[in-house]
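Observations on the model geometry
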Amino acid sequence: MGKGMAKLNFNEARHLVARTGIGVEWETIQRYQNLTRQQAIEYLLKNRDMKLPAPPGMSPWSKMVALRGNMRRKKMVKRISRGEGKKLQDWWVKHLIATRSPFLERMTLFWHNHFPSSIEKTTQASMLHQQNLMLRKHALGNFGQMLHEMAKDPAMLVYLDGYVSTKDEPNENFARELLELFTIGLGHYSENDMREAARAFTGWGIDDRSGKFIFRAEDHDNGVKTFLGKRGNLKGEDIINILLQHPRTAERIAEKMWHEFINISRPDPRFTKQWAQAFRAS
């Protein structure tokens with residue numbers, strides 16, 4: 001019988017549960033012991049319980065914007081955000097422990113670490129909650145869609161100062177992280193590529209009333225830009241699409257998957273190149 005047809009033994013089932021879950025659960029090990037490797041992986045990927053506990057109470061963006069005025073109010077914002085951030089953290093930790101879809105939560109956590117945001121910088125628990133829901137929606141889905149949504153995610157726009165980036169004063173924080181951490185990595189772009197990318201994301205902001213993404217055309221740089229050899233009046237979406245087509249993006253994600261699920265040693269390129277190819281093809 002081939003490897004794909006043989007039933008998992010106890011050690012194989014325990015290993016799979018330990019690597020893909022939040023902890024080693026006896027019931028899950030028992031379930032996998034009766035399955036072939038292929039059946040176990042299919043169950044792992046299809047088991048998506050999206051039900052979540054009710055979130056804690058959180059202040060809307062409009063209230064926090066109104067409090068941004070003076071120093072006394074800034075202290076109040078910090079106090080509110082710390083309290084609400086702690087409640088949101090507790091909400092997710094409890095769900096991580098109780099979830100019936102541990103692999104879905106493990107992958108939500110994986111992407112949360114790939115696209116980090118913090119309550120200290122955003123001071124906005126309600127936005128971090130929305131980001132958490134978005135990451136879970138795409139956790140086992142399409143990386144391209146997730147990257148496009150993340151670039152317009154209000155928590156990310158605050159965390160990396162994208163919401164204050166204008167054609168007169170382009171902020172380079174998001175462009176730098178996008179290139180260095182989220183996609184192709186150091187050594188595959190120039191400082192000029194990063195600056196040109198920053199120009200393409202100008203005008204991406206947050207509506208003060210709704211707290212949602214808004215494009216402010218008057219703040220956007222409509223000039224010609226050159227990015228990774230492509231030239232034209234590039235928009236933020238164009239920058240992301242160029243990066244998604246770049247071979248290094250899929251390879252970087254494959255290498256991160258190696259560190260998450262195999263071990264923290266140097267990734268084996270025989271596997272990561274193959275994984276990256278499958279990742280791009282899908």
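For the structure itself, look to the data block above.
Residues numbered from 1 in each chain as written. Predicted model: local features only at pLDDT ≥ 70, side-chain atom pairs only at ≥ 80, totals over all residues. Heavy atoms only, no water.

Here we look at the side chain of Ser-101
Condition: Counting from the N terminus, the helices are DSSP H or I runs at least four residues long and the strands are E runs at least two residues long. Using a 1.4 Å probe on the protein chains alone, a residue whose accessible area is under 20% of its type maximum counts as buried, one over 50% counts as exposed, and one in between counts as partly exposed. Any pair of N or O atoms that falls within 3.5 Å is considered a polar contact. Within protein, one atom must be able to donate a hydrogen and the other to accept it, and sequence-neighbouring residues count only if both atoms are side-chain atoms.
One can find Ser-101 in the loop between helix 5 (71–98) and helix 6 (102–114). Overall, the relative accessible area of 0% leaves Ser-101 in the buried class. At 2.5 Å, the side chain of Ser-101 forms a polar contact with the backbone nitrogen of Asp-49.

A short note on helix 6
Worth spelling out the cut-off: Given the number of residues in a helix, its expected span is that number minus one, multiplied by 1.5 Å.
Compared with an ideal rise of 1.5 Å per residue, which puts 13 residues at 18 Å, helix 6 spans 18 Å between its outermost C-alpha atoms and is within 8% of the ideal. Along helix 6, 10 of the 13 residues are buried, which leaves the element largely enclosed by surrounding structure. Within the sequence span of helix 6, burial applies to Pro-102, Phe-103, Leu-104, Glu-105, Arg-106, Met-107, Thr-108, Phe-110, Trp-111 and His-114.

Here we look at the packing of helix 11 (residues 173–182) against helix 12 (residues 191–200)
What counts here: Fitting a line to C-alpha atoms yields each axis, with helices limited to the stretch in contact; the angle taken between N-to-C directions then spans 0 to 180 degrees. These descriptions rest on fixed angle ranges, namely under 35 degrees for roughly parallel, over 145 for roughly antiparallel, 65 to 115 for roughly perpendicular, and the rest for oblique. Put simply, a crossing is left-handed when the front helix is turned counterclockwise from the back one by less than a right angle, and right-handed when it is turned clockwise. Contact criterion: two residues are considered in contact whenever any of their non-hydrogen atoms come within 4.5 Å of each other. Gly is placed with the polar residues, together with every amino acid not listed as nonpolar (Ala, Val, Leu, Ile, Met, Phe, Trp, Tyr, Cys and Pro) or charged (Asp, Glu, Lys and Arg).
Put simply, helix 11 and helix 12 touch, their axes get as near as 8 Å, and they point 130° apart. Looking at the two axes, helix 11 sits oblique to helix 12. Helix 11 and helix 12 meet at a crossing whose hand is right-handed. Contacts between helix 11 and helix 12 involve Ala-175, Arg-176 and Leu-179 from the former and Glu-191, Asp-193, Met-194, Ala-197 and Ala-198 from the latter. Tallied by class, the residues present in the contact of helix 11 with helix 12 amount to 5 nonpolar, no polar and 3 charged.

Some remarks on the environment of Trp-92
Here Trp-92 shows up in helix 5. It is 9.1 Å that separates the C-alpha atoms of Trp-92 and Asn-132, two residues lying 40 residues apart in sequence. Those residues in contact with Trp-92, other than ones at most four positions away along the chain, are Glu-105, Thr-108, Leu-109, His-112, Asn-132 and Arg-136. Among the polar contacts made by the side chain of Trp-92, one reaches the side chain of Glu-105 at a distance of 2.8 Å.

Side note on the packing of aromatic side chains
Going by this rule: Any Phe, Tyr or Trp ring, taking Trp's six-membered ring, that has another such ring centre within 6.5 Å forms a pair; planes under 30 degrees apart are called stacked, those over 60 apart edge-to-face, and the others tilted. By definition here, charges over rings are those cases where NZ of Lys or CZ of Arg is within 6 Å of the ring centre and within 35 degrees of the ring normal.
Scanning the model with the defined rule gives 16 aromatic pairs in all. Between the aromatic rings of Phe-115 and Phe-143, the centroid separation amounts to 6.4 Å while the plane-to-plane angle is 15°, which identifies the pairing as stacked. With Phe-115 in the loop between helix 6 and helix 7 (119–122) and Phe-143 in helix 9 (residues 143–151), this residue pair connects regions lying 28 residues apart in the sequence. Accessibility classification places Phe-115 together with Phe-143 in one group, the buried group. An aromatic cluster is defined as three or more aromatic residues linked by ring pairs; in this entry it consists of Phe-110, Trp-111, Phe-115, Phe-143, Phe-174, Phe-182, Phe-201, Trp-204, Phe-213 and Phe-279. The residue whose ring lies beneath Lys-152 is Trp-204, and the NZ or CZ to ring-centre distance is 5.3 Å.

Here's the deal with helix 2 (residues 26–33)
Condition: Directions pointing from the helix axis toward each C-beta atom define the arc.
Taken together, the buried positions of helix 2 are occupied by Thr-28, Ile-29 and Tyr-32. Looking straight down helix 2, one finds its buried side chains confined to an arc of 100°; they lie on one side. Exposed residues pointing more than 90 degrees away from the buried face of helix 2 are listed as Trp-26 and Glu-27. Buried residues along helix 2 sit in contact with helix 1 (10–20) and helix 3 (37–46).

Some thoughts on the pattern of salt bridges
Let me state the cut-off plainly: Basic side-chain nitrogens of Lys or Arg form a salt bridge, by our definition, when they fall within 4 Å of a carboxyl oxygen of Asp or Glu.
In this structure the tally under the stated criterion is 16 salt bridges. Taking the shortest distance from any N to any O, the salt bridge between Glu-237 and Lys-152 comes out at 3.0 Å. Pair noted here: Glu-237 is in helix 13 (residues 236–245) and Lys-152 is in the loop between helix 9 and helix 10 (154–159), with a separation of 85 residues, a long-range link. Its salt-bridge partner being Arg-248, residue Glu-255 comes within 3.2 Å of it at the nearest N-O pair.

Considerations on a nonpolar patch on the surface
Selection rule: Patch membership needs two things, relative accessible area over 30% and no salt bridge, and members are linked within 9 Å if like-charged or within 5 Å if nonpolar (Val, Leu, Ile, Met, Phe, Trp, Tyr). Areas reported as accessible are Shrake-Rupley estimates using a 1.4 Å probe. Residue values count occlusion only from the protein chains shown.
A cluster of nonpolar side chains, Ile-262, Phe-271 and Trp-275, forms an exposed patch at the surface whose accessible area comes to about 240 Å². For Trp-275, a relative accessible area of 31% translates into the label partly exposed.

Keep in mind that these numbers describe shape and distance, not what the molecule does.
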